[in-house]
Number of protein chains: 4
Amino acid sequence: MARMMGVKIEVLKGDWRRAVDPAAVTQRLRADTGHEIKAILAVQIDTASGVVNDIAAIRQAINAAGHPALFMVDCVASLGCMPFDMDGWGVDVAMAGSQKGLMMPPGISFNALSPKAIEASKAATLPKAYWGWDEIVEMNKGGYWPSTPNTNLLYALSEALDMILGQGLAAVFARHQRWGEAVRGAVRAWGLPTQCADASAHSPVLTGVVTPAGVDADALRKLIHDRFDLSLGTGLGKVKGRMFRIGHLGDSNDLTLMAALAGVEMGLKLAGVATAGSGVQAAMDFFAAHPLPQSLQAAA
Amino acid sequence: MARMMGVKIEVLKGDWRRAVDPAAVTQRLRADTGHEIKAILAVQIDTASGVVNDIAAIRQAINAAGHPALFMVDCVASLGCMPFDMDGWGVDVAMAGSQKGLMMPPGISFNALSPKAIEASKAATLPKAYWGWDEIVEMNKGGYWPSTPNTNLLYALSEALDMILGQGLAAVFARHQRWGEAVRGAVRAWGLPTQCADASAHSPVLTGVVTPAGVDADALRKLIHDRFDLSLGTGLGKVKGRMFRIGHLGDSNDLTLMAALAGVEMGLKLAGVATAGSGVQAAMDFFAAHPLPQSLQAAA
Amino acid sequence: MARMMGVKIEVLKGDWRRAVDPAAVTQRLRADTGHEIKAILAVQIDTASGVVNDIAAIRQAINAAGHPALFMVDCVASLGCMPFDMDGWGVDVAMAGSQKGLMMPPGISFNALSPKAIEASKAATLPKAYWGWDEIVEMNKGGYWPSTPNTNLLYALSEALDMILGQGLAAVFARHQRWGEAVRGAVRAWGLPTQCADASAHSPVLTGVVTPAGVDADALRKLIHDRFDLSLGTGLGKVKGRMFRIGHLGDSNDLTLMAALAGVEMGLKLAGVATAGSGVQAAMDFFAAHPLPQSLQAAA
Amino acid sequence: MARMMGVKIEVLKGDWRRAVDPAAVTQRLRADTGHEIKAILAVQIDTASGVVNDIAAIRQAINAAGHPALFMVDCVASLGCMPFDMDGWGVDVAMAGSQKGLMMPPGISFNALSPKAIEASKAATLPKAYWGWDEIVEMNKGGYWPSTPNTNLLYALSEALDMILGQGLAAVFARHQRWGEAVRGAVRAWGLPTQCADASAHSPVLTGVVTPAGVDADALRKLIHDRFDLSLGTGLGKVKGRMFRIGHLGDSNDLTLMAALAGVEMGLKLAGVATAGSGVQAAMDFFAAHPLPQSLQAAA
């Protein structure tokens, strides 16, 4: 157990290429017979690796251990792009942000709280201000906020939700899945591995691409940025320099994604990476062959 | 001593109508022979009352007591509207926000730190994340931020600073002073007291107006909002319902302020408040007679 | 008869302070026994003088003369601010613009055509391109335009119409009438004449104010602009320098208008004009006493 | 000779695939011994065909005939994208618009006049209003305009010119040339003809692509729009349905163009057009191999 920000933190070991193993969660919690662990935190989509964790399965793993800890989920990168059923899955605290699936500029984040989480916070003794929920919950009843909120982004949020609900969640989720498949097809055509090695855990909003040994992913990113005005995500933490990330979310369309893939493919060539084939061609083949089903197309 | 957010907080008693008395600060700190007090927090302009505290004088009061506590100043409502000399005055931590004198939407706040504050933070054991300065200071060196910043407002900030520095700080400060004098003249003409009872401590950015006994300030605010589309600041904390606030900062001009005063004057009349005279007339007399000195007018 | 732009133009004499006299129209047309006059052009609101012409009455005057000329109406300054019944009044060509009652930036103008006007255009031999209606009418059927239209302003128009129809035309018309009354009350209080000398013909969207002999209206306008950042309309044509214009239309409210009146009143004082009384006070009295009827207030 | 808009118009026959032949201009003007022809109008880039006319050569052709007609040039589609030397080439009237190389929304057009054109207009007897230059030239001296101008687009124009001059005209021209080469390379790879059949007259701002016999170009455009959200230019006039147009100007970059080419290539496939090869691959090869020379890259 390490300490971070004055709080004891334990990270369940993983390899950054696979989803959290629910069985490992149950096992660890069963070992905590004294209930020292107060909360379990999982991300739904890990933005560093492009791995999706199965939140419902982790809840069941907690239940299987009969452990009373709060279940907290970071859905910053997933909210609005794939299903998230807070009540159905038994999530106690959900955290999201404006700048991903909600298609807004960065600047607001969101918390949703279960009754159990609110109850727990009443007995909490850790100093807090920003996360002092009681005052927030009280003022929210009247439509207010304890301090000055980011009012401009609240207008943007209203517009974003109108767009998302106007298209329908099923259509929005299907669109992201389709983009993810197209990009993974391109990566396969290039003959490169994706950072996520688990076929059932690929993220619909970003794809991590591992560069061949000897190819500095950040040098490649810089070359692509300088030559083609395309900003790719950097590898984070321990995979820095070994992979880059292609985002496929937000107010985009098939051709926006084709532009990104073309930029990557030209960059790989200029960097001297020998690719197996054309990812751009693979993505065009996929998009041409796989229209969004009529029933999921928005009325526009 | 009370506790707030898990931290012991002691408030030096005041009456919400006068500035902090530096002598009282010295006296309190001298009593703290064990140096239990770790930081002293003052606001430069108290947005609830419209009172200006003399930050340089409070620093001298701390020095007079020979006390090692950090000196922290909230200049949210004052930065960009009146002088603030962090280094000259010996401030250790300054806190500001985007939505007042910087004329931006709400959404970012700013911290400035003295070397002493940074040194102190290294030994601090209170849990923190948002205020974990070490990581921020480190990444700022390269122009970055540890998490996703509010990038849109950084563009707004750049524009706002261009506007302010283009006009010159002296001109900007003089403009706010002039607006404050005009509004206080109007309030005097109405025969109403200002919340700030100290002639040397009036805020240049807002004026608190105390309503007569029996007149609910919030009912008056609602009437003015409904009839004239003008949103006045509410009384905060213990003065709620007994005063309202007129802001005079931001991207405004003399006539914007005349509009606000006209809305208040009509509202007072409709609410049955018998005023001594016309504040609108007083403000027009003031503005007509007091142009901004030629030397302080911007090149536009 | 003079010639303007190669076309014979005859102006029915008026004094710039009163509406067109319908009897004079009938008389002139009866004299045109050979039907040399091809079209009669009237403005609904004359933006130079603030005079409203009675379009329905002019139509009746044309009919009384049994004259076949086309009836063309410039409603640039009136459309969206007061009733205009093209079909009911028998108007053949209506001309409007984006930048007045439609609350948009300048950049588009509009023509509406009666069947009689379209028929007449088929036989017209004057060279034309911009006013070649046949091609426009044909392409409009499919939602297109013969050349590249100002697409951005079409979005603005859609939004503006939503705003106007959301409030309801009756409410929008009443609001402008109310503003006109308030401004005229202020001008009366100053003891100055309005350019429009006909009590039944005052414009609801602008008021022309005649300056006292010896006071250059444009020098006054410049003084007000320089000191108070307020841009008033200049006198046009033969009244240049002898009057200025206060607009009261667009996305405004009572306090915006109070700001304009305060700017004028301070300017008059600084220019040494002795006014009879306070127009600002008169307008505040009017606005406080005359709310828009509940039934005409928008749902917001 | 036909008549258009009441004015005699004669079109020098061409085949819509080649530039104007200067020799033909000289020959026609020599035949006009009575100098009945008052003006010669040429477009610099014909937006329907993507053909560039050599304006300097046409001027020399006029001079060779010793003909006094005015020389008028439509540079709507070319201004800001390729050289235009009004004085050096002896152009009398230049016409441009906001919505092409100037990267602005549609809404303003521009005229530039030679002293000879202004002199000629003084003796002109054709009715005119919009093109009544005398009043415009007079008011322009003081920075004004006879009627209400599109003020918002004047701000956009100022910004656009800053962008263009900041990059340098040579860099801007080279960028458009490079895009044109990339797109023509793609069209060649598809095995389709360009509308412009003259290798020395290809437009740097748009490329017309001729569809194979039996393939309705407008049906193809609709398919691409519906499936890929990409709006291609339609064939105009006599080539409607037989070609479509790809624009390569404005605030774009290489990847924006790759997106457009990918949309076309997928659309051709879905429409059953058998292409010789991949235009997308050809364009990637071109872009990767041909960076803009260092000396022409903007400082950003």
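The structure displayed is predicted, hence computed values, not measured ones.

Definitions and cut-offs
Residues numbered from 1 in each chain as written. Chains lettered and ligands numbered in written order. Predicted model: local features only at pLDDT ≥ 70, side-chain atom pairs only at ≥ 80, totals over all residues. Heavy atoms only, no water. Pairing = 2+ DSSP bridges. Helix = DSSP H or I, 4+ residues; strand = E, 2+ residues; numbered from the N terminus. Contact = heavy atoms within 4.5 Å. Axes fitted to C-alpha atoms, helices over the stretch in contact; angles between N-to-C directions. Buried < 20%, exposed > 50% of the residue type's maximum accessible area, 1.4 Å probe, protein only. Least-squares fit on C-alpha atoms with pLDDT ≥ 70 in both. Salt bridge = Lys/Arg side-chain N within 4 Å of Asp/Glu carboxyl O. Patch = residues over 30% accessible without salt bridge, like charges linked within 9 Å, V, L, I, M, F, W, Y side chains within 5 Å. Areas by Shrake-Rupley, 256 points an atom, 1.4 Å probe, with all protein chains shown as cover. Buried area = accessible area lost by both parts, 1.4 Å probe. Polar contact = N/O pair within 3.5 Å; in protein donor to acceptor, adjacent residues only side chain to side chain. Left-handed = near helix turned anticlockwise from the far one by under 90°. Nonpolar A, V, L, I, M, F, W, Y, C, P; charged D, E, K, R; others polar. Phe/Tyr/Trp six-rings, centres within 6.5 Å; stacked < 30°, edge-to-face > 60°. Core = buried A, V, L, I, M, F, W, Y, C linked by side-chain atoms within 4.5 Å. Domains from an automatic or database assignment.

Let us now look at the sheet that holds strand β11 (residues 243-247) of chain A. All names here are of chain A. In space, the 3 strands of this open sheet follow the order β9-β11-β10, with antiparallel pairing throughout. Looking at strand neighbours, the two that pair on one side only are β9 (206-210) and β10 (233-234), the edges of this open sheet. Of the pairings in the sheet, the one linking β10 to β11 comprises 2 bridges and is antiparallel in character. Residue pairing for β11: Thr234 is matched across the bridge by Phe244. Against the sheet, helix α8 (residues 217-228) contacts β10 and β11, and its axis sits at roughly 45 degrees relative to β11.

This paragraph deals with unusual backbone geometry. With phi around 55 degrees, His35 of chain B is a residue other than glycine that occupies positive phi space. Within the secondary structure, His35 of chain B sits in the loop between α1 (22-31) and β3 (39-43). With phi around 65 degrees, Trp16 of chain D is a residue other than glycine that occupies positive phi space. Checked against the element boundaries, Trp16 of chain D lands in the loop between β2 (7-9) and α1 (22-31). Residue classification places Trp16 of chain D among the partly exposed residues on the basis of a relative accessible area of 30%.

Below, the discussion takes up the relation of the copies chain B and chain A. Each copy superposes on the other: chain B lies on chain A with an RMSD of 0.1 Å after a rotation of 179 degrees and an axial shift of 0.0 Å. The superposition operator between the copies reduces to a two-fold rotation axis. Across chain B, the smallest distance between a C-alpha and the rotation axis is recorded for Gly107 of chain B, namely 3.3 Å.

The next thing to look at is the pattern of salt bridges. Tallied over the full model, the rule gives 44 salt bridges over all chains. Lys240 of chain B is paired through a salt bridge with Asp218 of chain B; the nearest N and O atoms lie 2.9 Å apart. You can see Lys240 of chain B sitting in the loop between β10 (233-234) and β11 (243-247) and its partner Asp218 of chain B sitting in helix α8 (residues 217-228), a full 22 residues away along the chain. Within the structure, one salt-bridge network assembled from shared partners comprises Asp218, Arg221 and Lys240 of chain A.

In this section: the arrangement of the chains. Between chain A and chain C there is no contact, and the shortest C-alpha to C-alpha distance separating them is 15 Å. The two units chain B and chain D remain apart, with a minimum C-alpha distance of 15 Å.

Here we take up a nonpolar patch on the surface. Taken together, the side chains of Tyr130 and Trp131 of chain A together with Tyr130 and Trp131 of chain B present a nonpolar region at the surface, about 480 Å² in accessible area. For Tyr130 of chain B, the location among the structural elements is in the loop between α4 (115-123) and α5 (133-140). According to the relative accessible area criterion, Tyr130 of chain B is partly exposed, its value standing at 48%.

Contacts between chain A and chain D engage 24 residues on the former and 24 residues on the latter. Of the roughly 1900 Å² buried between chain A and chain D, counting both surfaces, carbon and sulfur atoms make up 66%. Taken together, the links from chain A to chain D amount to 2 salt bridges. Across the pair Asp285 of chain D and Lys269 of chain A runs a salt bridge, and its minimum N-O distance is 3.0 Å. The interface formed by chain A and chain D holds 8 residue pairs in polar contact (both at pLDDT 80 or more) in total. Broken down by secondary-structure element, the contributors of at least two residues to the side of chain A that touches chain D are α8, α9 (254-270) and α10 (279-289) of chain A. For the side of chain A that touches chain D, the element with the most residues is α9 of chain A, which contributes 10 residues.

As a further point, take the packing of helix α8 (residues 217-228) of chain C against helix α9 (residues 254-270) of chain C. Residue and element names in this part refer to chain C. In contact at an axis separation of 9 Å, α8 and α9 are set at 115 degrees when each is read in the N-to-C sense. Note on packing geometry: the crossing formed by α8 with α9 is right-handed. Where α8 abuts α9, its residues Leu220, Leu223, Ile224, Arg227 and Phe228 lie against Gly263, Val264, Met266, Gly267, Leu268 and Leu270. When grouped by side-chain class, the residues that make up the contact of α8 with α9 number 8 nonpolar, 2 polar and 1 charged.

So, about the packing of aromatic side chains. Residue and element names in this part refer to chain B. Evaluation of the coordinates by the stated rule reveals 8 aromatic pairs over all chains. Taking 6.0 Å as the distance between ring centres and 65 degrees as the angle between the ring planes, the aromatic pair formed by Phe286 and Phe287 counts as edge-to-face. Neither Phe286 nor Phe287 differs from the other in exposure class; each is buried.

In this section: the nonpolar core. Of all hydrophobic cores here, the largest spans 65 residues; its most connected members are Met258 and Phe287 of chain A together with Met258 and Phe287 of chain D. Residues Met258 of chain B together with Phe244, Met266 and Met284 of chain C belong to the second largest nonpolar core, which totals 64 residues.

Here we come to the domain arrangement of chain A. Residues and elements named next belong to chain A. What the domain assignment lists for chain A is domain 1 (2-163) and domain 2 (168-297). Centre-to-centre separation of domain 1 and domain 2, based on C-alpha positions: 28 Å. Contacts between the two partners involve 22 residues from domain 1 and, on the opposite side, 25 residues from domain 2. In terms of surface lost to domain 2, no three residues of domain 1 exceed Trp16, Arg17 and Cys81, which account for 33% of the buried area on that side. Where domain 1 touches domain 2, the interface holds 0 salt bridges. On the surface where domain 1 and domain 2 come into contact, there are 7 residue pairs in polar contact (both at pLDDT 80 or more). For the side of domain 1 that touches domain 2, the class distribution of residues is 11 nonpolar, 6 polar and 5 charged.

Let's shift gears to the interface of chain B and chain A. Contacts between chain B and chain A engage 18 residues on the former and 18 residues on the latter. Between chain B and chain A, a total of about 1400 Å² is buried, with carbon and sulfur atoms accounting for 67% of that surface. Across the chain B-chain A interface, the total number found is 0 salt bridges. Linking chain B with chain A are 0 residue pairs in polar contact (both at pLDDT 80 or more). Of the residues in the side of chain B that touches chain A, the class split is 10 nonpolar, 7 polar and 1 charged.

Residues and elements named next belong to chain D. Tracing the sequence through the fold places Ser49 in the loop between β4 (45-46) and β5 (51-52). Looking at Ser49, its side chain comes within polar contact range of the side chain of Asp46, at 2.6 Å. A polar contact of 3.3 Å, which involves the side chain of Ser49, links it to the backbone nitrogen of Val51. Once residues lying within four places of it in the same chain are set aside, the contact partners of Ser49 are Trp16, Gln195, Cys196 and Gly208.

This brings us to the environment of Val205 of chain A. All names here are of chain A. Within the fold, Val205 resides in the loop between α7 (169-190) and β9. Under the relative-accessibility criterion, Val205 is labelled buried at 3%. Contact partners of Val205, with chain neighbours within four places excluded, come to Ile45, Ala77, Cys81, His176, Ile246, Gly247, His248 and Leu249.

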